[in-house]
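Below, each chain spelled out in residue letters.
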Amino acid sequence: MANTVLVLISVVAAAFLAIILAPLRYPEWIPPRWFRISADMVVMNATIYTSDPSLPFAQAMAVRDGRILRVGSYSSIKGLIGHGTSQLNLNGKVVVPGFIDSHVHLLFGGLQMAQVLLRGIKSREEFVRLVQEALRGKDVGEWILGGQWNNDNWGGDLPLSSWIDSITPDNPVWLSRTDGHMGLANSLALKIAGISNRTSDPVGGTIMKNLDGDPSGLLVDSAMKLVLAVIPEVSVKERRDALLRASKYAVSRGVTTVVDMGRFFPGASVHHVWHDFSDVYQWADSSGKMLIRVCLFFPLQTWSRLVDLIQGKGKVFSKWMHFGGVKAFADGSLGSNSALFYEAYDNDPHNYGLQVTDMIWLQNATMHADKCRLQVAIHAIGDKANDILLDMYSNVASYNGLRDRRFRIEHCQHLVPESPKRFGKQLVIASVQPDHLLDDAEPAEKKLGIVRAQSGSYLFKSLFDSNATVAFGSDWPVADINPLGAIRTAIHRVPPGWENAWIPSERTTLDEAMKASTISAAYAAFLDKDLGSLSKAKYADFVVLPANSWDEFLENLPDIVLATYVNGNQVYP
């Protein structure tokens, strides 16, 4: 009797193991209905670009509990369709992983959507008119805030406080330039901030003055803090509304994850980012308001505080929030003539740019943060600033020892020809924003000279060819949050009004640009285990595009997305 029972148990166990192991040996095998796991949703009849080299394209995808259960042919997926499974037949439409924007200032973007928007204006008259319109309904003493102006759009002359003083005698005004490294204050704002002809330039910044020595209203980099310090902080409600507004806008562009560098730049308080984490992000996460995933970076000055937070919470705060690391600045921007170069600006022969942070402090702080296993991301625009950071990162890595640290340089817009190879060799992430070149092509040649600009600007292809990890982003609200536009820019490099590509040798392939917007962007922020490709067990974040085949997508990149899904749930439209 005992032998019979043992034989029966062995037979049942063997059958059970055969059922479990069958999918491994025979992927097309369909298990018996009583054993079957059902998907919550199945995407079928699609052209799925996975960003996964082990299976570049697929026809179908199954989703369960917000993650991908299986991806492959329809025959390998259909066994997962149960009574409660929703079926999404896309009739051949292209599906791609949810786009990851590797560099945004999310709340800034959301706030600016409700402020004076000066992007794209092409004259002094239009500038003044929009400021005057913003005065409607404002109380005496209420600040007028906004920005996104670009003086290159109207010939290059910088705006002055005198442009708007006569129409804003009772309201202080602060309008930031599109790059965020310069702003215009009216005379009332300058008076409130205590800025006069006797005020000295702060370290890492410039108070621009006229021929009489009086402030012109323009403040560059760390000088902006003089006005920013007296602007009333936006309310918690305004910031929460800004997050929701920005998130809805992001998913409308197919962005499902952002790396948020926060409300932090030279001259800004290091506390804003922390207040936003506690007042806005934690609120949204706990109340079910999150629409997109965020990877948060905090000011390098507060590295020890982030270490304490991660020790208590871990790097994954929730499925919506990750703690990325710390952010700092090495220089300013090209548009503000404050990016740091080896050679002087052609249009400003005594100016080499600004080193906005003390380099001894920057190296020491990076050393400590890295030793505590924080990821470090530092802003650098000019060729000298980028080389300084590459040298510093090499020193820190040598001192602290080998590990997977993924140092980042944000922007890397201008490089000497040898630098791309250093990114690849040192495994430094190149976090770049393709759409910046649309605004910079003509000004770069004026400011740097044609030869220098064309030999060292936006060297995307050189970075790819050097085996560097390249991650695409927007720097929103500096440029629009538009990954499809950024991909198009990287592939074609044709600025508005131009017929030919700017530096055509640096054009990328579609596959390079797609990966820089998905899996490489995820890798650049330590998110690649859960995001960046449509692979088994990763989050089901994906975008449906208005193209009926991959060839059609390649030939005619669309301007819009049809639908955006996060955790397998449709969030747009």
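Shown above is the structure to which this text applies.
The paragraphs below set out a description of the structure included in this document. Bear in mind the structure is a predicted one, so any value in this text is a computation, not a measurement. (Residues numbered from 1 in each chain as written. Predicted model: local features only at pLDDT ≥ 70, side-chain atom pairs only at ≥ 80, totals over all residues. Heavy atoms only, no water.)

Time to look at the overall build of the protein chain. In terms of helices and strands, the protein chain carries 20 helices and 24 strands. Since a compact globule built from 573 residues should have a radius of gyration of about 25 Å, the 26 Å found for the protein chain is in line with a globular shape. A principal-axis box enclosing the C-alpha atoms of the protein chain has dimensions of 110 × 55 × 50 Å. Long-range contacts, defined as pairs at least 24 residues apart, comprise 72% of the intrachain contacts of the protein chain with a sequence gap of at least 6. Looking at the protein chain as shown, the accessible area adds up to about 24,200 Å², and 54% of this sits on carbon and sulfur atoms. Charge-centre separation for the protein chain: the mean point of 54 positive side chains lies 9 Å from the mean point of 58 negative side chains. (Helix = DSSP H or I, 4+ residues; strand = E, 2+ residues; numbered from the N terminus. Rg over C-alpha atoms; globule rule 2.2 N^0.38 Å. Contact = heavy atoms within 4.5 Å. Areas by Shrake-Rupley, 256 points an atom, 1.4 Å probe, with all protein chains shown as cover. Lys, Arg positive; Asp, Glu negative; His and termini not counted. Charge placed at Lys NZ, Arg CZ, Asp CG, Glu CD.)

Among the structural elements, H103 can be located in strand β8 (residues 99–104). Residues H103 and H411, 308 residues apart in the sequence, show an inter-C-alpha distance of 9.0 Å. With sequence-adjacent residues up to four places away left out, H103 is seen in contact with V259, M261, K327, E410, H411, S431, Q433, G473, S474, D475 and W476.

In this section: the sheet that holds strand β9 (residues 116–117). What the 6 strands build is an open sheet, ordered β9-β10-β11-β12-β14-β13; its pairing is mixed. At either end of the open sheet lies a strand with only one pairing partner, and these are β9 and β13 (205–209). The pairing of β13 with strand β14 (residues 215–221) spans 4 bridges and is antiparallel. Looking across to β14, one finds that G205 is bridged to D221. (Pairing = 2+ DSSP bridges.)

Turning our eyes to something else, we now look at the packing of aromatic side chains. For the coordinates displayed, the defined rule picks out 23 aromatic pairs. Centroid distance F341 to Y345: 5.5 Å. Interplanar angle 85 degrees. Geometry classified as edge-to-face. Through pairs of rings, three or more aromatic residues link up here, namely W274, F277, F298, F317 and F323. Its guanidinium or amino end placed over the ring of W320, R293 lies 5.3 Å from that ring's centre, counting from NZ or CZ. (Phe/Tyr/Trp six-rings, centres within 6.5 Å; stacked < 30°, edge-to-face > 60°. Lys NZ or Arg CZ within 6 Å of the ring centre and 35° of its normal.)

Any link to function would need more than the numbers given here.
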